[in-house]
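# Breakdown of the fold
Listed here are the chains, written in short residue letters.
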Amino acid sequence: MNRKRFAVIALVVIIIAAGSYFVVNSNGGKYIQIKTPSEALGFGKYITNPNNVSYEFIDARILTSSNAAPKQYYKLCGSDETSAMSLFTKYLAYKNHDIILDDPTKSPEQKQQRMAEGYGTRHLVDHWKADTHYHYVISTSGNPFWEHVILEDCHYFTPTTEERAIIFGEDYSMSIGTFNYSLKTADSFLSFLQYYYAKDWTFIAENKLHSMSVAEDANTITISFKVALIHSGDWGLPTTYSYHLVTHTLDKKTGNMIVSWKKIGAPTSGHIDGNLLK
């Protein structure tokens, strides 16, 4: 059997194995319906309050002041409960810094009033370990609004510390981090992408990843899809849509993941061109 024919057969088998992720629309095309953050991250009992959908991922870069020299980085993930709680504690202290409470010239009365408004009073009310991350719920004194704070699990995913300027909607290629999950298969990689895009799902038009394709060889797994990005119009201008082929490549040995975006077709105004998503 020649190599080209083997690759085609492997592709068919992988798509069947991952078939539970696919939804087939009326045109016969395959897409994945991305979960909302509350579904993918598991807000638990706190989702009963319609106002408690705020969530934030701990980015170690915000835990040091911008004028720190040399610039410092904390780890971007927790390797166990202790290390995760240590990072969360730093995050909470960072969030509780306040221009009034930390100003020695302000009076005790001013500071007391500030705290009565909730500033500087964020505190932990609940936490648990999910399959993909560490989950913390915080609130402020006298305020029922919960904030969900997420810290990556090092044993699942380590985000890259590389900083790159990305122009929204333009072509680019970059590492998004390391997939550390022990079982590196097309199925597990696809599950990771559902989790990864659920963290910032609103940029995907119709919340779908269209025209899914999966390929695998001895060294890599590649998952591609097409997506329409929304560019909202200002001052009465119509909304426009740009179309992109998004390719994700997983190195099975190192776990390194590369994502590349490439524009396809011409932008449309006021409507989505379904033909560019086939």
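Here we summarise the structure given alongside this text.

Rules behind the numbers
- Residues numbered from 1 in each chain as written.
- Predicted model: local features only at pLDDT ≥ 70, side-chain atom pairs only at ≥ 80, totals over all residues.
- Heavy atoms only, no water.
- Disulfide = S-S within 2.5 Å.
- Helix = DSSP H or I, 4+ residues; strand = E, 2+ residues; numbered from the N terminus.
- Buried < 20%, exposed > 50% of the residue type's maximum accessible area, 1.4 Å probe, protein only.
- Polar contact = N/O pair within 3.5 Å; in protein donor to acceptor, adjacent residues only side chain to side chain.
- Contact = heavy atoms within 4.5 Å.
- Pairing = 2+ DSSP bridges.

## Overview of the state of the cysteines
Tallied over the full model, the rule gives one disulfide. The disulfide partner of C77 is C154, and the S-S distance across this bridge is 2.0 Å. Across the disulfide from C77 to C154, rotation about the S-S bond amounts to roughly 95 degrees, and the bridge is consequently right-handed. Of this pair, C77 sits in strand β4 (residues 77-78) while C154 sits in the loop between β7 (143-153) and β8 (157-159), and the two are 77 residues apart along the sequence. Accessibility classification places C77 together with C154 in one group, the buried group.

## Brief notes about the environment of D102
As for its placement among the helices and strands, D102 is situated in the loop between α3 (81-95) and α4 (108-116). Of the residues examined, D102 reaches a relative accessible area of 46% and is grouped as partly exposed. Separated by 18 residues in the primary sequence, D102 and G120 place their C-alpha atoms 9.4 Å from one another. A distance of 3.3 Å separates the side chain of D102 from the side chain of H97, its partner in a polar contact.

## Here's the deal with the side chain of T140
Tracing the sequence through the fold places T140 in strand β6 (residues 133-140). Beyond its immediate sequence surroundings of up to four residues, T140 is in contact with G118, T121, R122, H123 and F145.

## A look at the pairing of β7
Sheet topology note: the strand β3 (residues 54-57)/β7 ladder contains four bridges and is parallel. Directly across from F57, in β7, lies its bridge partner I150. Direction of pairing for β4 relative to β7: parallel, over a ladder of two bridges. Paired with G78 across the bridge in β7 is D153.

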